[in-house]
Amino acid sequence: MEFLLDPSIWAGLLTLIVLEIVLGIDNLVFIAILADKLPPRQRDKARLIGLSLALLMRLALLSLISWMVTLTRPLFSVADFSFSGRDLILLFGGVFLLFKATMELHERLENRQLETDGNRAYASFWAVVIQIVVLDAVFSLDAVITAVGMVNNLAIMMTAVVIAMGVMLLASKPLTNFVNAHPTVVVLCLSFLLMIGLSLVAEGFGFHIPKGYLYAAIGFSILIELFNQLARRNFIRHQSHRPMRERTAEAILRLMGGRRGSQQTSSENSGEVASVMPQEAFKDEERYMINGVLTLASRSVRSIMTPRGEISWVDAERPLDEVRIQLLDTPHSLFPVCRGELDEIIGVVRAKELLVALDHGIDVATFAAAMPPIIVPETLDPINLLGVLRRAKGSFVVVTSEFGVVQGLITPLDVLEAIAGEFPDEDETPDIIADGDGWLVKGGTDLHSLQQLLDTQDLVKAEDDHASLAGLLIAQKGQLPVPGEVIELLPLRFQIIEATDYRVDLVRVTKERNERDEEDA
């Protein structure tokens, strides 16, 4: 046992273990790729069989060192090339490796997933095992030749092989799971196998390729892939911080062709989306409505409600004749009844029921008090608003600020318009009217609706506290714009058509056409 105290023995053993592990990684990678073709319950078994056969094969080859030496003797010559038994094995293994790696790479690049009756078609267990055995023979020959060239002691060589295979056996499952969980890593590994197969063929023809060149190329590629995986992990971590509803909405909008160029993921997937789901698959009305549904949760109640200035309300303190005339002249079916001012709401009444009550001499305030209003804060989430509207049973809800000041009201029709577009009453004009190469837009128009119509993502920002076009223009200008003034938010141009000292009434919006749009036209 004195040889165990020799430092050179230990140095050779450690060096050989490292080399055996490095030389066995390509074998392990190919076993991982082949094992993925089997049903999940058979993968561990195939991996253990593959590595066990590799260990036995290497130990058997080491025990036949004298026979191994004869493999390097030329058997025959063709032209200027002499071929030994080792050369033939390397040629056969290299061609087989090139063929298998090319087929696997082609399958993944073409994204072919074999399915039968909705289930994935797995390969035969023994067909995979036979392929593993063939590769074991080729890779074992290379590893054994390396061991013979470095150490002369058979016991040390066998010890190094056993330890290296034990390490590979422990690392095989995590490596297999990692490789199969990352498609780009699988493609990279198959590229490595192509390079190794080419080097084996070259070795078979007598052209020696230094292993250092191969390992340097592999190491550099792994470093680049490491950066790619880190970037991908950081991207996924960033995405996980965003609400699931928002991410799902963006994914569906990309499939519909919406939000073009607005996000990095959109630009990356634009070609894929165009081929899988062309925009012609959805009509404009369908795209508008789906967009409205998916963006409803991100909107504010203020962007949906009928603003305070447009509310028709009944003053309970006015003479009954004036109230009756107001009810008959206004084409609304529901009215808030107030005492002197809008912020003093008594109740919500139906016009025809109040007219009947007036004919019977019932007091307006008394009649309205029996139907109190449903009041919600302006900070309410639009999704939660739907449940409140259901409880209103066809009536509307009143939106107030934190100080109890009425900001507006919301009817089921307002929510429908937020999803499907505007439904103007008989006595009103649409908020957006096409005008030549632009649009005439009312100042109170909801920015979400305008944004969808103009196919842009630059009008609505989460940090902004305005919900109308007028609010946007005032925020951009810093003050109330005057008629004739032009405000540019490229590619949009806003020209003030009508405005007073208190509000913006009408704006003409035009959109600059980029080169791509001109080419499509």
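Refer to the structure printed above.
Okay, so let's go over this structure. (Residues numbered from 1 in each chain as written. Predicted model: local features only at pLDDT ≥ 70, side-chain atom pairs only at ≥ 80, totals over all residues. Heavy atoms only, no water.)

**What about the overall build of the chain?**
Phase 1: Along the chain, the regular secondary structure elements total 20 helices and 16 strands.
Phase 2: For the chain, the proportion of its 521 residues judged to be buried stands at 39%.
Phase 3: Excluding contacts between residues fewer than 6 apart, the proportion of contacts in the chain whose partners are at least 24 apart in sequence is 59%.
Phase 4: For the chain, the exposed surface amounts to about 29300 Å²; the carbon and sulfur share of it is 59%. (Helix = DSSP H or I, 4+ residues; strand = E, 2+ residues; numbered from the N terminus. Buried < 20%, exposed > 50% of the residue type's maximum accessible area, 1.4 Å probe, protein only. Contact = heavy atoms within 4.5 Å. Areas by Shrake-Rupley, 256 points an atom, 1.4 Å probe, with all protein chains shown as cover.)

**Some thoughts on unusual backbone geometry**
Phase 1: The phi dihedral of lysine 393 is positive, around 55°, even though this residue is not glycine.
Phase 2: Within the secondary structure layout, lysine 393 lies in the loop between helix H16 (382-392) and strand E10 (397-400).
Phase 3: Classification of lysine 393 by relative accessible area gives exposed; the value is 70%.

**Details of the packing of helix H4 (residues 85-109) against helix H7 (residues 183-204)**
Phase 1: Following both chains from N to C, one finds H4 and H7 inclined at 155°, their axes separated by 7 Å at the closest point. With respect to H7, the element H4 is oriented roughly antiparallel. In this structure, H4 crosses over H7, and the sense of that crossing is left-handed.
Phase 2: Among the residues forming the contact of H4 with H7, the class breakdown is 16 nonpolar, five polar and five charged. (Axes fitted to C-alpha atoms, helices over the stretch in contact; angles between N-to-C directions. Parallel < 35°, antiparallel > 145°, perpendicular 65-115°, else oblique. Left-handed = near helix turned anticlockwise from the far one by under 90°. Nonpolar A, V, L, I, M, F, W, Y, C, P; charged D, E, K, R; others polar.)

**Topic: the nonpolar core**
Phase 1: If you look at the biggest cluster of nonpolar residues, it comprises 33 residues, and the most contacted ones within it are Ile33, Leu97 and Leu193.
Phase 2: Put simply, the parts of the chain that give this core at least two residues each are helix H1 (7-35), helix H2 (40-63), H4, helix H5 (125-150), helix H6 (154-181) and H7.
Phase 3: A per-element tally of this core places H7 first, with seven residues. (Core = buried A, V, L, I, M, F, W, Y, C linked by side-chain atoms within 4.5 Å.)

**Considerations on the pairing of strand E13 (residues 438-442)**
Phase 1: Here strand E12 (residues 432-435) pairs with E13 via four bridges, running antiparallel. Note that in E13 the partner of alanine 434 across the bridge is tryptophan 439.
Phase 2: Joining the antiparallel neighbours E12 and E13 is a turn of two residues, in which glycine 436 adopts a positive phi near 65°.
Phase 3: Here E13 pairs with strand E16 (residues 504-511) via five bridges, running antiparallel. Within the sheet, the bridge partner assigned to tryptophan 439 lies in E16 and is valine 509. (Pairing = 2+ DSSP bridges.)

**Looking at helix H13 (residues 320-329)**
Phase 1: Looking only at H13, the buried set comprises Val323, Gln326 and Leu327. Projected down its long axis, H13 carries its buried residues within an arc of 95°, all on one side. Away from its buried face, by an angle of more than 90 degrees, H13 presents the exposed residues Asp321, Leu328 and Asp329.
Phase 2: Residues of H13 that are buried sit in contact with strand E6 (314-315), strand E7 (334-339) and helix H14 (351-359). (Arc of directions from axis to C-beta.)

**Here we look at the sheet that holds E6**
Phase 1: Pairing within the open sheet is mixed, and its three strands lie in the order E6-E7-E8. Strand pairing shows two members of the sheet lacking a second neighbour, E6 and strand E8 (341-350), which therefore form its edges.
Phase 2: Two elements, E6 and E7, share two bridges in a ladder whose sense is parallel. Counterpart to valine 314 in the pairing with E7 is valine 337.
Phase 3: Sitting on the sheet, H14 touches E7 and E8, and the angle it makes with E8 is about 90°.

**Quick word on the side chain of serine 395**
Phase 1: With respect to the element layout, serine 395 can be found in the loop between H16 and E10.
Phase 2: The class for serine 395 is buried, based on a relative accessible area of 15%.

**Quick look at the pattern of salt bridges**
Phase 1: What the rule picks out here adds up to eleven salt bridges.
Phase 2: Put simply, arginine 318 and glutamate 322 hold a salt bridge, and the shortest N to O gap is 3.1 Å.
Phase 3: Given the relative accessible area of 36%, glutamate 322 is considered partly exposed.
Phase 4: Across the pair aspartate 437 and arginine 508 runs a salt bridge whose closest N-O atoms are separated by 3.0 Å. Separated by 71 residues along the polypeptide, aspartate 437 in the loop between E12 and E13 and arginine 508 in strand E16 bring together distant segments of the chain.
Phase 5: Using a relative accessible area of 60% as the deciding quantity, one classes aspartate 437 as exposed.
Phase 6: Several salt bridges share partner residues, and in doing so they unite Asp321, Arg324 and Asp359 into one network. (Salt bridge = Lys/Arg side-chain N within 4 Å of Asp/Glu carboxyl O.)

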